[in-house]
Amino acid sequence: MGCCELLLLHTTIKMGSRALLLLRPTTSTKDLHFKSRFLSEALIVEKRRVRSYSVRSTIHPPDLPRLAETARISLTPDEVEEFAPKIQQVVDWFGQLQAVDLQSIQPAIRADTKGENLRDDVPETFENRDAMIAAVPSYEEPFIKVPKVLNKE
Amino acid sequence: MALSFFRGIQSRPFLLYPSGFFPRKHALFYCTMKSTQTQIATHEKQEPQLKVSTQSKRLDKISKDFEAVIGIETHVQLSTITKAFCSCAYNYGSQPNTTVCPICMGLPGALPVLNSKVIKFAVKLGLALNCKLSLNSKFDRKQYFYPDLPKGYQISQFDVPIATGGFIDLDLPVEYGGGHRRFGITRVHMEEDAGKLLHTGNGSYSEVDLNRAGVPLLEIVSEPDMRTGIEAAEYAAELQRLVRFLGVSNGNMQEGSLRCDVNVSVRPIGQLEFGTKVEVKNLNSFSAISRAIDFEISRQVLLHNEGESNQIVQETRLWDEGAQKTVTMRKKEGLADYRYFPEPDLPEVILGNEYIDGIRDSLPELPEMKRRRYEQMGLSMQDVIFLANDINVADFFDATIAKGADVKLAANWIMGDIAAYMKNEKLSVNEIKLTPQELAELIASIKGGTISGKIGKEILFELMAKGGTVKGLITEKDLVQIVDPVEIQKMVDKVIAENPKQLEQYRGGKTKLQGYFAGQVMKLSKGKANPGLLNKILLEKLNAKS
């Protein structure tokens with residue numbers, strides 16, 4: 001479950017109330033001819049975000065089985081029961097942020113706005129490649145071996 | 001910042017009512033055409049000729065009742081030396097898993113640092129596509145699980161892409177009916193490539209090469225403005241020209257440096273809503289784009305006509321080059337949930353107006369500008385499109401006319417004998433030994449009468465294969481055209497004297513034999529006799545005593 005929480009925390013720390021919006025299921029969208037999946041998601045998020053200024057109180061409880069599936073971890077029913085209230089707690093905790101009045105606040109795209117950190121396009125060879133390759137669980141020169149996959153998802 | 005969000009919302013009406021800036025009458029005339037390849041891409045491998053005979057009848061029907069709506073997502077691999085977020089070099093074809101480091105292998109604790117060239121290239125392309133640039137943009141994490149993605153997320157841009165709302169202009173090839181088109185560009189964003197996954201035939205495993213992981217990409221999303229396979233292929237070809245002219249990518253489709261995924265839907269003409277869209281992948285050439293779309297359109301229309309439009313489902317299909325058809329790859333079950341959130345390891349991307357202006361001022365002449373300039377020089381659209389297709393050819397042409405060569409003659413030489421030679425020898429214009437300076441000299445020598453056109457051609461091949469100068473070759477081989485009437489007359493007399501039989505026949509009415517005599521005189525002069533003078537003198541002599 002660590003992964004989910006981590007994700008949730010990252011999200012919430014960086015984005016405040018928006019993270020909560022992301023927790024809602026996104027499957028209710030109408031089948032429109034969008035040019036790209038994420039663009040349509042972007043629009044949906046934006047719309048909700050705007051809407052959330054007025055409709056503040058609706059936070060859907062996290063769907064544990066779905067969260068576990070998106071993080072590719074299997075949970076036993078016992079674990080679901082154990083984790084559900086904990087996740088709910090975190091959500092409620094951040095839910096308090098919903099009370100903040102954002103009407104007159106411009107959304108920030110980043111928490112830290114200070115300075116760029118850019119690199120010149122100059123190549124450098126990483127010297128300890130052998131150690132990295134040695135740590136690959138399944139390697140057969142020159143490839144990393146993985147279970148056979150043909151289709152995404 | 002609020003502004004950028006509203007921009008996102010405002011763009012929505014465009015998605016819902018894209019209609020067309022363009023008349024749609026051009027619909028599907030291309031089905032009579034021979035090959036999709038000739039003008040589109042001199043660089044790509046020659047493709048087999050388009051097989052349309054079986055489809056053409058169906059397509060006729062489509063043009064009457066249905067309209068296709070096509071949008072394209074293009075990934076362009078940037079030709080930076082290093083990857084997007086680490087200093088590993090990227091070279092296509094390197095030994096697998098050699099140019100990797102903790103950052104691109106996704107090891108814990110490794111932190112990305114953005115390559116400044118990526119921003120520069122994104123701004124270049126954004127400006128070239130007439131986009132609005134976001135002065136503040138950011139990176140986001142797109143989460144999904146796949147073995148070629150070591151971190152478990154792709155660093156991409158989600159809700160604030162670096163460039164939005166542009167367009168691209170292009171000219172359709174003359175053989176497809178011609179015409180100018182403008183297609184909308186929804187957005188351009190920066191992201192990183194995944195590694196390469198190889199599926200070996202045997203064995204129960206797949207192989208991963210992470211050399212490509214972290215290589216910078218620009219994704220370009222078009223508006224759904226295209227209506228035919230040809231338009232879509234031309235859009236992709238124009239993007240290829242654009243990135244090559246800008247020098248941001250080699251645009252090579254075979255190597256996967258330019259990858260197109262197309263979305264195709266059809267709707268009855270007059271209907272405002274879009275039909276169900278189908279995504280087609282695995283398009284490795286422009287002709288594949290064109291043929292895959294045409295196949296997909298007729299497949300969908302056929303289902304409509306047979307009352308089975310419910311069989312058109314939102315799915316991803318693959319183009320099967322061998323079978324020349326699209327096949328289901330996976331059906332979509334709702335929208336994929338990528339759980340985007342801002343990349344916490346990278347600061348926001350800030351563009352200064354000075355920086356943008358600096359790049360704008362340094363942009364080269366782009367394909368569309370070149371075509372309009374060539375058009376104004378009086379060249380035909382076919383010449384214009386050919387010359388502006390390849391930046392090296394265009395540069396060669398520009399350099400030739402800068403040396404004073406006649407525009408139309410220079411175009412003819414380049415498109416004719418020079419292009420044929422390059423094709424035969426599989427050489428690019430930069431690899432042939434002929435220089436623009438010498439081509440201009442050659443054209444001038446012919447125009448000025450120093451050498452004949454025929455000799456000029458011979459010299460041209462020598463110049464392309466071995467180099468050297470026109471003047472040098474003319475003196476070396478004693479090729480100066482004979483323009484002295486006395487000398488030509490001597491040769492004419494000799495030929496007539498040596499062919500009494502033919503002379504008799506000629507004078508008996510077989511005047512066609514003039515050509516025979518002319519050929520003999522030309523042969524005697526080793527091709528150097530001025531043809532005009534030769535014919536004039538020959539005629540006088542042949543008709544003299546009759």
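Everything numeric here is computed off the predicted structure, so don't read it as measured data.

1. Focus: the packing of aromatic side chains
- Under the defined criterion, the tally for this structure stands at 10 aromatic pairs over all chains.
- Centroid distance A:Trp93 to A:Phe94: 4.8 Å. Interplanar angle 50 degrees. Geometry classified as tilted.
- Aromatic side chains B:Tyr516 and B:Phe517 sit 5.7 Å apart centroid to centroid with 75 degrees between the ring planes, which places their arrangement in the edge-to-face category.
- You can call B:Tyr516 partly exposed: its relative accessible area is 30%.
- One aromatic cluster is present, built from ring pairs that chain together B:Tyr144, B:Phe158, B:Tyr338 and B:Tyr340.
- The positively charged end of B:Lys142 is found above the aromatic ring belonging to B:Tyr338, 4.3 Å away from the centroid.

2. Structural notes on the side chain of B:Ser134
- Of note, B:Ser134 is situated in the loop between strand S3 (132–133) and strand S4 (136–137).
- Within the structure, B:Ser134 has its side chain in polar contact with the backbone oxygen of B:Pro161 (distance 2.7 Å).

3. Quick notes on the domain arrangement of chain B
Residues and elements named next belong to chain B.
- Annotation of chain B at the domain level lists domain 1 (5–26 + 39–350), domain 2 (365–476) and domain 3 (485–543).
- If you look at the interface, domain 1 gives 19 residues, while domain 2 gives 15 residues.
- Asp-171 is paired through a salt bridge with Arg-371; the nearest N and O atoms lie 2.8 Å apart.
- Those elements that place two or more of their residues in the side of domain 1 that touches domain 2 are strand S7 (163–171) and helix H5 (229–246).

4. Considerations on the pairing of strand S10 (residues 205–209) of chain B
- Of all 5 residues that make up S10(B), 4 are buried, and the element is covered over most of its length.
- For strand S3 (residues 143–147) of chain A and S10(B), the ladder comprises 4 bridges, and the chain directions are antiparallel. When the sheet's bridge partners are listed, A:Pro147 is paired in S10(B) with B:Tyr205.

5. Observations concerning the environment of A:Ala134
- Along the chain, the position of A:Ala134 falls in helix H6 (residues 129–134).
- Residues A:Ala134 and A:Gln98 lie 36 residues apart in sequence; the distance between their C-alpha atoms is 48 Å.

6. Describing the sheet that holds strand S5 (residues 140–143) of chain B
- Ordered in space as S6-S5-S16 (chain B), the 3 strands form an open sheet in which the pairing is antiparallel. Two strands in the sheet have a free side with no partner beyond their single neighbour: strand S6 (153–156) and strand S16 (341–342) of chain B.

7. Things to note about unusual backbone geometry
- Look at the link from A:Glu141 to A:Pro142: it is a cis peptide, with omega at 0 degrees.
- Looking at the secondary structure, you find A:Pro142 in the loop between strand S2 (139–140) and S3.
- With phi around 65 degrees, B:Asn282 is a residue other than glycine that occupies positive phi space.
- Position of B:Asn282 among the secondary structure elements: in strand S13 (residues 278–283).
- Of the residues examined, B:Asn282 reaches a relative accessible area of 39% and is grouped as partly exposed.
- Backbone geometry at B:Gln324 places phi at a positive 55 degrees, although glycine is not the residue there.
- Among the residues examined, B:Gln324 registers a relative accessible area of 28% and is labelled partly exposed.

8. Concerning the nonpolar core
All names here are of chain B.
- In terms of nonpolar packing, the biggest core is built from 74 residues, with Leu-129, Tyr-235 and Ile-289 touching the most fellow members.
- In this view, Leu-129 contacts Gly-166, Phe-167, Ile-168, Ile-185, Val-188, Ile-220, Leu-239 and Leu-242; residues no more than four positions away in its chain are not counted.
- Counting 37 residues, the second largest nonpolar core, distinct from the first, contains Val-393, Ala-394, Ile-451 and Val-470.

9. With respect to the pattern of salt bridges
Residue and element names in this part refer to chain B.
- Tallied over the full model, the rule gives 43 salt bridges over all chains.
- Between Glu-231 and Arg-181 there is a salt bridge; the shortest N-O distance is 2.7 Å. Of this pair, Glu-231 sits in helix H5 while Arg-181 sits in strand S8 (residues 180–192), and the two are 50 residues apart along the sequence.
- Notably, a salt bridge pairs Glu-238 with Arg-241, separated by 2.9 Å at the nearest N-O pair. Of this pair, Glu-238 and Arg-241 both sit in helix H5, 3 residues apart, roughly one helical turn. Exposure class is identical for Glu-238 and Arg-241. Each is buried.

10. Remarks on the environment of B:Lys528
All names here are of chain B.
- As for its placement among the helices and strands, Lys-528 is situated in the loop between helix H17 (514–524) and helix H18 (531–542).
- Judged by relative accessible area, Lys-528 falls into the buried class, the value being 13%.
- C-alpha of Lys-528 to C-alpha of Gln-481: the two residues are 47 residues apart in sequence and 4.6 Å apart in space.
- The residues touching Lys-528, leaving out its near neighbours within four places in the chain, are Ile-455, Asp-478, Leu-479, Val-480, Gln-481, Ile-482 and Met-522.

Reading guide: rules and limits
- Residues numbered from 1 in each chain as written.
- Chains lettered and ligands numbered in written order.
- Predicted model: local features only at pLDDT ≥ 70, side-chain atom pairs only at ≥ 80, totals over all residues.
- Heavy atoms only, no water.
- Phe/Tyr/Trp six-rings, centres within 6.5 Å; stacked < 30°, edge-to-face > 60°.
- Buried < 20%, exposed > 50% of the residue type's maximum accessible area, 1.4 Å probe, protein only.
- Lys NZ or Arg CZ within 6 Å of the ring centre and 35° of its normal.
- Helix = DSSP H or I, 4+ residues; strand = E, 2+ residues; numbered from the N terminus.
- Polar contact = N/O pair within 3.5 Å; in protein donor to acceptor, adjacent residues only side chain to side chain.
- Domains from an automatic or database assignment.
- Contact = heavy atoms within 4.5 Å.
- Salt bridge = Lys/Arg side-chain N within 4 Å of Asp/Glu carboxyl O.
- Pairing = 2+ DSSP bridges.
- Core = buried A, V, L, I, M, F, W, Y, C linked by side-chain atoms within 4.5 Å.

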